[in-house]
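# Coordinates in review
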Amino acid sequence: MRLVLVGPPGAGKGTQAQFLASHYSIPHISTGDIFRANLKQGTPLGVEAKGFMDRGELVPDSVTNEMVRDRLTHDDLGNGFLLDGFPRNVAQAQVLRAILSEKNTPLDAVLELAVESAEIVLRLSGRRVCRDCGKGAHIEFERPAKDGICDSCQGELYQREDDKEEVISRRLEVYQEQTAPIVDFYRIEGLLITISATGSVADITERAIKALNRAHQ
Ligand code: AMP
C-alpha cells in the first residue's frame, strides 16, 4: 500500500497515520516529524527549517523534496509507505509523482481527512505532544492521567511552537492557499478518497480502512 494522507493541520493525520501504518505494516513517513527530529538534534537541516516551522510557513520545496527523495531510497519500503504531511503543494505532488514513476511504484491512494475549520482550532490549541516519544495528547479531549506527563512513557508533554494560537491561523491560511489544491490534483488523478475525520480515533481508523479496502477490491 503506497498511501498519502492529506488534511488540514489538526485533522488527526499523525494519529491515524500510526494506526494505518501498523495495520498495513508500512513505514509512517512524516515530514513534520523528520524536521522536528532534525531540530532536536540541531542538524543543519533542522536549523534551516526552524524559522519556517515556527511561523507556520512551508519549508522551501528544494529542502523538503530532497529530504523526501532521500527517505524514499531506504530499503524498508517493500510493503509500501504512508506519507503524512507530504506533499503540501502541487509542485511537491509533481515531484513525488516523478520520483515514484522512476521507480515504477505509483501511489495506490490519497486519503483525505475532512474536518470543519471551527473544530480544527479547538483541536490544535489544546494539543500537547510528548517531548520523548512524540505521542499526542489533548488538554480537553484526550487528557493525560497526570497533567503535563505522557501516559505512555512519562515524558514531558509540551505545546508545539506552531500550535500557539497566533501561528494556527497562519497554518490554516497556508493550507487553504497551498495544500488544498493538491486535493483536486489527486481527484483528477483518480486517487482521492475522502472520509470524515470527526468521531473517535478508532471509528475514524475503521472508516479509513473500509474506504481504502473498498477502493482496492
Ligand atoms: P506537521 O507536523 O506536518 O504539521 O509539520 C510541521 C511543520 O513542518 C509545517 O508547518 C512546515 O513548516 C513543516 N513541513 C512539514 N511538511 C512539510 C512539507 N511537505 N513542505 C514544507 N514544509 C513542511
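Everything discussed here concerns the structure shown above.
Residues numbered from 1 in each chain as written. Predicted model: local features only at pLDDT ≥ 70, side-chain atom pairs only at ≥ 80, totals over all residues. Heavy atoms only, no water.

Once that is clear, we can look at the sheet that holds strand β8 (residues 192–196). Taken together, the five strands give an open sheet; going across it, the order is β2-β3-β1-β4-β8, and neighbouring strands pair in parallel fashion. At either margin of the open sheet sits one strand with a lone partner, and together these are β2 (28–30) and β8. Recorded for the sheet is a direction-independent mean angle of 25° between the axes of neighbouring strands. Across four bridges, the pairing between strand β1 (residues 2–6) and strand β3 (residues 81–84) is parallel. Looking at β3, one finds that Arg2 is bridged to Phe81. (Pairing = 2+ DSSP bridges. Helix = DSSP H or I, 4+ residues; strand = E, 2+ residues; numbered from the N terminus. Axes fitted to C-alpha atoms, helices over the stretch in contact; angles between N-to-C directions.)

Right, let's talk about the side chain of Asn89 for a bit. Relative to the assigned elements, Asn89 resides in the loop between β3 and α5 (90–102). For Asn89, a relative accessible area of 10% gives the class buried. A polar contact of 3.2 Å, which involves the side chain of Asn89, links it to the backbone nitrogen of Ala91. Setting aside residues no more than four positions away along its own chain, Asn89 makes contact with Leu58, Asp61, Gln178 and Ile182. (Buried < 20%, exposed > 50% of the residue type's maximum accessible area, 1.4 Å probe, protein only. Polar contact = N/O pair within 3.5 Å; in protein donor to acceptor, adjacent residues only side chain to side chain. Contact = heavy atoms within 4.5 Å.)

Read across the open sheet, the three strands follow the order β6-β5-β7; overall the sheet is antiparallel. For this open sheet the edge positions go to β6 (136–138) and β7 (157–158), each flanked by a neighbour on one side alone. In terms of strand pairing, strand β5 (residues 127–130) meets β7 through two bridges, oriented antiparallel. Counterpart to Cys130 in the pairing with β7 is Leu157. Set on the sheet, helix α6 (residues 117–125) makes contact with β5 and β6; between it and β5 the angle comes to about 40°.

On to helix α1 (residues 13–24). Relative to the 16 Å expected for 12 residues at 1.5 Å per residue, α1 spans 16 Å between its end C-alpha atoms, a close match to the ideal helical length. Restricting attention to buried positions, one finds in α1 the residues Lys13, Gln16, Ala17, Leu20, Ala21 and Tyr24. Here the buried residues of α1 occupy an arc of 130° about the axis, which is enough to place them on one side. Residues of α1 that are buried sit in contact with β1, β2, β3, β4 (109–114) and α8 (201–215). A positive backbone phi angle near 50° is found at Ser25, which sits one or two residues after α1. (Expected span 1.5 Å × (residues − 1). Arc of directions from axis to C-beta.)

Take the site of the ligand next. Taken together, 16 residues sit near the ligand, with Thr31, Arg36, Glu57, Gly85 and Gln92 positioned nearest. Thr31 places a polar side-chain atom, nitrogen or oxygen, 2.8 Å from a nitrogen atom of the ligand. Between a nitrogen atom of the ligand and a main-chain N or O atom of Val59, the distance comes to 3.0 Å. For the ligand, whose unbound accessible area comes to 480 Å², protein coverage reaches 95%. Broken down by element, the shell around the ligand gets its largest block of residues, four residues, from helix α2 (residues 31–41). Grouping the constituent residues of the shell around the ligand by class yields five nonpolar, five polar and six charged. (Near = heavy atom within 4 Å. Areas by Shrake-Rupley, 256 points an atom, 1.4 Å probe, with all protein chains shown as cover. Nonpolar A, V, L, I, M, F, W, Y, C, P; charged D, E, K, R; others polar.)

What follows concerns the nonpolar core. Leu5, Leu20, Leu82, Leu111, Leu113 and Ile195 are the most contacted members of the largest nonpolar core, which has 25 residues in total. Of all the secondary structure elements, the ones that give two or more residues to this core are β1, α1, β4, α6, α7 (165–188), β8 and α8. When residues of this core are assigned to their parent elements, the largest contribution, five residues, is made by α8. Every residue in contact with Leu111, bar those within four places of it in the chain, is listed here: Leu3, Val4, Leu5, Val6, Leu20, Ile193, Ile195 and Ala208. Among the nonpolar cores identified, the runner-up in size contains 22 residues, and Val6, Leu77, Ala93 and Leu192 belong to it. (Core = buried A, V, L, I, M, F, W, Y, C linked by side-chain atoms within 4.5 Å.)

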